[in-house]
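Remarks on the overall topology
Residue-level listing of the chains:
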Number of protein chains: 2
Amino acid sequence: MNEVIETILAHRSIRKFKDKPLSEDTITTLVQCAQAASTSSYQQVCTIIGVEDREKKEKLAELAGNQSYVADNGYFFVFCMDYNRHMIAADMKETDIKETIESTEAFIVGAVDAALAAQNLSVAAESLGIGIVYIGGLRNRLKEVSDLLDCPEYVLPLFGVAVGYPDAEPGIKPRLPLPAVFHRDSYQTKEETANLLEKYEIETAKYYSERTGGKRTEGWVTQITASMASPKRTYMKDFVRSKGLNKS
Amino acid sequence: MNEVIETILAHRSIRKFKDKPLSEDTITTLVQCAQAASTSSYQQVCTIIGVEDREKKEKLAELAGNQSYVADNGYFFVFCMDYNRHMIAADMKETDIKETIESTEAFIVGAVDAALAAQNLSVAAESLGIGIVYIGGLRNRLKEVSDLLDCPEYVLPLFGVAVGYPDAEPGIKPRLPLPAVFHRDSYQTKEETANLLEKYEIETAKYYSERTGGKRTEGWVTQITASMASPKRTYMKDFVRSKGLNKS
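Residues numbered from 1 in each chain as written. Chains lettered and ligands numbered in written order. Predicted model: local features only at pLDDT ≥ 70, side-chain atom pairs only at ≥ 80, totals over all residues. Heavy atoms only, no water.

By the naming in an unreviewed UniProt entry, chain A is Oxygen-insensitive NADPH nitroreductase, taken from Fictibacillus barbaricus. In its Sequence similarities (unreviewed entry) section, the UniProt entry covering chain A states "Belongs to the flavin oxidoreductase frp family." (UniProt positions renumbered as here; feature names shortened; annotations may be inferred.)

Below, the structure is given as structure tokens:
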């Protein structure tokens, strides 16, 4: 155990921040950490937009489903998959790289590159006593988010990360049993998975029950199944294609 | 600056490992760190397959384009987007969640969840003096990788992470100028991007020239444009759909 592993294992999402902005130095350090992450074939497909303008932050909070901590925090980062840069580079070299960028493969690379950068930023922030929460809610109304931040074609905002000095100390929800997420040499059998899920259902039901004084008694299986019963953000396929991504 | 940020900023990919396996304790710690990462709506869409069998490792090395360090390392992890678990959970609750899982939105969530977990594992490894390299080459022949690891429908191997005690000390390639990847309040103009890329082209050309005694003089713009001129892994769209993912 060391400071790094302690920081990582202590993670919990923070949704209430003190009214204390991050310093410029801290912002720069966090972005440098994001940039230091691995990137597929040196492509560096991630761009980060720091949102500072109060009106824009409030608009983003609204678009994300009225999540106040999108506006009220120490700083707000939006992580984008970005192939616009490569298109400009290709223009400089009079080369056509559109087919590459429009591919499903490039879409995977872009999502992974952006997430690796974001997680570096998050761990670095937490090491400084700064809390973080990922904001997938930006994808509720992604066209409006994209327009608000003037994102051109080939740039897709993926999620936000709100950061700031914590003003809450939430618990850590139990993760899936380790054998459910870590298999050896082969993907586990359906039976193994089902057994582990049954065990996890009981564990998480107990966790919620204890924390709500018995008001909430649903475990992970019940909760996740219910939340996934209706598809979300069904406009996504068309929107992503309109950005020139995930087409072929 | 602290130990965490120092670890993150010191990252470089390691492609030559000592013949020293990771201990069971270390493997467990790394997987726990992976699990501690944020996950979209508590869905936990990532499964990690540890590959230990020598024959399987050698086969993976071949499939990844004869990358020897896929076989020769301290341990090898394959990170998968995994909705099979949710399908089993839904079966237990007699609920239909297929439409959710097949969506582009779910595909984004899965890629991001897996990458966040992988980056936690990577940073934790590096904090223990263990080197890492991401293996996107697994996507060269993903059906064969998937079959080798018995991945069922709704499970998509995304990339590998080879880890081990470093037997090389490579340099750190210069990243894009910070203002190119960090914008404020709005995505930057095309002119700004182009100017930064021109500057970066010169910087990276100089870096390569110095390291190769003048043999290699192409900068990032030249290199990336050439490498993206022909699309790669064009089978990906169909393969991903055959897994029941990224369909709608």
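1. Observations concerning the sheet that holds strand β2 (residues 75-82) of chain A
Pairing in this open sheet of five strands is mixed, and the strands run β3(A)-β4(A)-β2(A)-β1(A)-β5(B) from one edge to the other. Looking at which strands have only one partner, the edges of the open sheet turn out to be β3 (131-135) of chain A together with β5 (182-184) of chain B. Taken pair by pair, the neighbouring strands of this sheet meet at an average axis angle of 25 degrees, ignoring direction. Packed on one face of the sheet, helix α3 (residues 54-63) of chain A meets β1 (46-51) and β2 of chain A and runs near 70 degrees to β2 of chain A. Lying on the sheet, helix α6 (residues 104-127) of chain A is in contact with β1, β2, β3 and β4 (155-164) of chain A; it crosses β4 of chain A at an angle near 10 degrees. (Pairing = 2+ DSSP bridges. Helix = DSSP H or I, 4+ residues; strand = E, 2+ residues; numbered from the N terminus. Axes fitted to C-alpha atoms, helices over the stretch in contact; angles between N-to-C directions. Contact = heavy atoms within 4.5 Å.)

2. As for the packing of helix α9 (residues 190-211) of chain A against helix α10 (residues 220-227) of chain A
Each pair of packed helices can be described by the angle between their axes along with the distance between the axes. Residues and elements named next belong to chain A. Packing of α9 against α10 leaves a shortest axis separation of 7 Å and a crossing angle of 95 degrees. By the angle between their directions, the pair α9 and α10 is classed as roughly perpendicular. Contacts between α9 and α10 involve L197, Y200, E201, T204 and Y208 on the former and, on the latter, W220, V221, T222 and Q223. Of the residues assigned to the contact of α9 with α10, the class counts are five nonpolar, three polar and one charged. (Parallel < 35°, antiparallel > 145°, perpendicular 65-115°, else oblique. Nonpolar A, V, L, I, M, F, W, Y, C, P; charged D, E, K, R; others polar.)

3. A closer look at the packing of aromatic side chains
Within this structure, the stated rule accounts for 16 aromatic pairs over all chains. With a centroid separation of 5.4 Å and 75 degrees between ring planes, the pair formed by Y207 of chain B and Y208 of chain B is classed as edge-to-face. By the burial criterion, Y207 of chain B is buried, and Y208 of chain B matches it. Here the aromatic residues Y75 and F77 of chain A together with F182 of chain B are joined through ring pairs into a cluster of three or more. One Lys or Arg, K173 of chain A, reaches over the ring of Y42 of chain B and ends 4.3 Å from the middle of that ring. One cation-aromatic arrangement involves R216 of chain A over Y208 of chain A; the distance from NZ or CZ to the ring centre is 4.1 Å. (Phe/Tyr/Trp six-rings, centres within 6.5 Å; stacked < 30°, edge-to-face > 60°. Buried < 20%, exposed > 50% of the residue type's maximum accessible area, 1.4 Å probe, protein only. Lys NZ or Arg CZ within 6 Å of the ring centre and 35° of its normal.)

4. A few points about the interface of chain B and chain A
Residue-level contacts link 120 residues of chain B with 120 residues of chain A. Buried surface at the junction of chain B and chain A, both sides included, amounts to about 10300 Å², of which 64% is carbon and sulfur. Of all residues in chain B, Y42, Y187 and M228 of chain B give up the largest surface area on contact with chain A, accounting jointly for 9% of the area buried on that side. With a closest N to O distance of 2.9 Å, R184 of chain A and E24 of chain B form a salt bridge. Residues that form the side of chain B that touches chain A fall into these classes: 61 nonpolar, 34 polar and 25 charged. Note: β1 of chain A against β5 of chain B, three bridges, orientation parallel. Along β5 of chain B, the bridge assignment pairs I48 of chain A with F182 of chain B. (Buried area = accessible area lost by both parts, 1.4 Å probe. Salt bridge = Lys/Arg side-chain N within 4 Å of Asp/Glu carboxyl O.)

5. A word on a negative patch on the surface
A contiguous patch of negative charge on the surface is contributed by E3 and E6 of chain A together with E3 and E6 of chain B. Those elements that provide at least two residues to the negative patch are α1 (3-9) of chain A together with α1 (3-9) of chain B. Position of E3 of chain B relative to the elements: it lies in helix α1. (Patch = residues over 30% accessible without salt bridge, like charges linked within 9 Å, V, L, I, M, F, W, Y side chains within 5 Å. Areas by Shrake-Rupley, 256 points an atom, 1.4 Å probe, with all protein chains shown as cover. Lys, Arg positive; Asp, Glu negative; His and termini not counted. Charge placed at Lys NZ, Arg CZ, Asp CG, Glu CD.)

6. Overview of the side chain of K243 of chain B
All names here are of chain B. Within the secondary structure, K243 sits in the segment after α11 (236-242). Buried and without a salt bridge, K243 has D147 as its closest oppositely charged side chain, separated by 5.8 Å. From its side chain, K243 meets the backbone oxygen of P152 in a polar contact 3.1 Å long. Contacts of K243, omitting those with residues within four sequence positions, involve S146, C151, P152, E153, Y154, V155 and L156. (Polar contact = N/O pair within 3.5 Å; in protein donor to acceptor, adjacent residues only side chain to side chain.)

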